[in-house]
Amino acid sequence: MSIPDLTRITTLLLDADGTLFPSEEPAFVASAVVTQDFARHFDLTGDFTPEHLRRTTTGKNFRTTAQDLAVRQGVHVDAGRLDAWVEREKTEVTAYLEQALRPQPDVVTALSALRDHYQLAVVSSSALTRLAACFTASGLDGLLPADRRFSAEDSLPVPTSKPDPAIYRFALDRLGIAPDQALALEDSPTGVASAVAAGITTAGIVQFVPADEQADRIEKLHLAGAGWVRRNWEEFASDLATDAARAVR
């Protein structure tokens, strides 16, 4: 596949979890505890281990995952009770990630170079408080300030999650740019589908995907609409170092 024409791109819209830092695995360790308690409370059945949840719900936030679990089994959870579970999950996962994450030098280097040529913003399904903790732990606060972070959980009038394109459309509106001026970067098919539905050219990255899952993930990212996929941040930054389209192998 070839890299699309990027000459109109002014802004990079970056997913957070699994894209900017390796947060998926530790997040699901903490989130699974809350999910299991949620399932027991509402008599839901299924596999709620961290690994199964990671493989089946990556790209979605806890609110959407909990709603989907309940709806599939015919259980109604009113909005107030769901909000309480969402708040608990957010608090516990955030605390866990604050301790688990460390700066990723190659990500910091790539973003430092890219911000000289592009506006950088974050478009995530995760809550803003969780993002704040992750950026601080990962050494990204100065590169991705709070006013350039958009959360499907907190920024929208009605909380939602990718693959709904609402959060990407919201970010475009707030940044005052058209879809063809943005390039999204995502690690999950769910995220790619969200950006593509908003009309945004999208690339995939698999740096923080477990090695034995990368080939399958790359295929799924392409199927979801990713224009191209890179294995790491160094490759992605290199792609954007020139306006000329080049072949990707």
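One can find the structure itself at the top, above this paragraph.
Just so you know, these numbers come straight off a predicted model, no measurement behind them.

Help me out: how do you make sense of the packing of helix α1 (residues 24–41) against helix α2 (residues 50–57) in this one?
Packed helix pairs are specified by the crossing angle of their axes together with the interaxial distance, meaning the distance between the axes. Closest axis-to-axis distance for the α1/α2 pair is 8 Å, and the angle between their directions is 110°. Here α1 is positioned roughly perpendicular relative to α2, judged by the angle of their axes. Listed contacts from α2 to Glu 24, Glu 25, Phe 28, Val 29, Ala 32, Thr 35 and Gln 36 of α1 are Pro 50, Leu 53, Arg 54 and Thr 57. Its residues assigned to classes, the contact of α1 with α2 comprises five nonpolar, three polar and three charged.

What's the story with unusual backbone geometry in this structure? I'm lost.
Among all residues save glycine, negative phi is the norm, and among peptide bonds the norm is trans. In this chain, Lys 162 is followed by Pro 163 through a cis amide linkage whose omega measures 20°. If you trace the backbone, Pro 163 turns up in the loop between β3 (149–151) and α7 (166–175). Even without being glycine, Asp 43 reaches a positive phi, approximately 55°. The topology assignment puts Asp 43 in the loop between α1 and α2.

What is the right way to read the pattern of salt bridges from this model?
Close approach of charged atoms allows side chains of opposite charge to pair. Scanning all chains against the criterion turns up 21 salt bridges. The salt bridge involving Asp 83 is made with Arg 63; its shortest N-O contact spans 2.9 Å. Here Asp 83 is found in helix α4 (residues 79–100), whereas its partner Arg 63 is found in helix α3 (residues 62–72), with 20 residues between them in sequence. A residue is classified by how much of its surface remains accessible, and Asp 83, at 38% relative accessible area, is partly exposed. Look at Arg 63 and you get buried, because its relative accessible area is 11%. Between Lys 220 and Asp 216 there is a salt bridge, with the nearest N and O atoms lying 3.1 Å from each other.

Any chance you could explain the nonpolar core here in plain terms?
Proteins that are soluble and globular tend to have nonpolar side chains buried together. By size, the foremost hydrophobic cluster in this structure holds 37 residues, and its most contacted members are Leu 20, Leu 111, Leu 144 and Trp 233. The contacts of Leu 20, once residues within four sequence positions are left out, are Leu 14, Asp 15, Val 107, Leu 111, Val 122, Phe 135, Leu 140, Leu 144, Phe 208 and Trp 233. Ranked by size, the runner-up nonpolar core spans 18 residues in total, among them Leu 156, Phe 170, Leu 172 and Ile 177.

Where do I start with helix α9 (residues 214–224) in this structure?
What sets the pattern is the α-helix's 3.6 residues per turn: residues three or four places apart point alike. Within α9, burial applies to Gln 214, Arg 217, Ile 218 and Leu 221. End-on, the buried residues of α9 take up no more than an arc of 100°, which puts them together on one face. Seen from the buried face of α9, the exposed residues on the opposite side, beyond 90 degrees, are Ala 215 and Leu 223. Looking at the buried side of α9, the elements it contacts are α2, β4 (182–186), α8 (189–197), β5 (201–205) and β6 (228–230). Of the residues trailing α9, Gly 225 is marked for its positive phi of about 120°.

What exactly am I supposed to notice about the side chain of Asn 61 here?
Examined against the element boundaries, Asn 61 turns out to sit in the loop between α2 and α3. At 3.2 Å, the side chain of Asn 61 forms a polar contact with the backbone oxygen of Ser 125.

Definitions and limits used
Residues numbered from 1 in each chain as written. Predicted model: local features only at pLDDT ≥ 70, side-chain atom pairs only at ≥ 80, totals over all residues. Heavy atoms only, no water. Axes fitted to C-alpha atoms, helices over the stretch in contact; angles between N-to-C directions. Helix = DSSP H or I, 4+ residues; strand = E, 2+ residues; numbered from the N terminus. Parallel < 35°, antiparallel > 145°, perpendicular 65-115°, else oblique. Contact = heavy atoms within 4.5 Å. Nonpolar A, V, L, I, M, F, W, Y, C, P; charged D, E, K, R; others polar. Salt bridge = Lys/Arg side-chain N within 4 Å of Asp/Glu carboxyl O. Buried < 20%, exposed > 50% of the residue type's maximum accessible area, 1.4 Å probe, protein only. Core = buried A, V, L, I, M, F, W, Y, C linked by side-chain atoms within 4.5 Å. Arc of directions from axis to C-beta. Polar contact = N/O pair within 3.5 Å; in protein donor to acceptor, adjacent residues only side chain to side chain.

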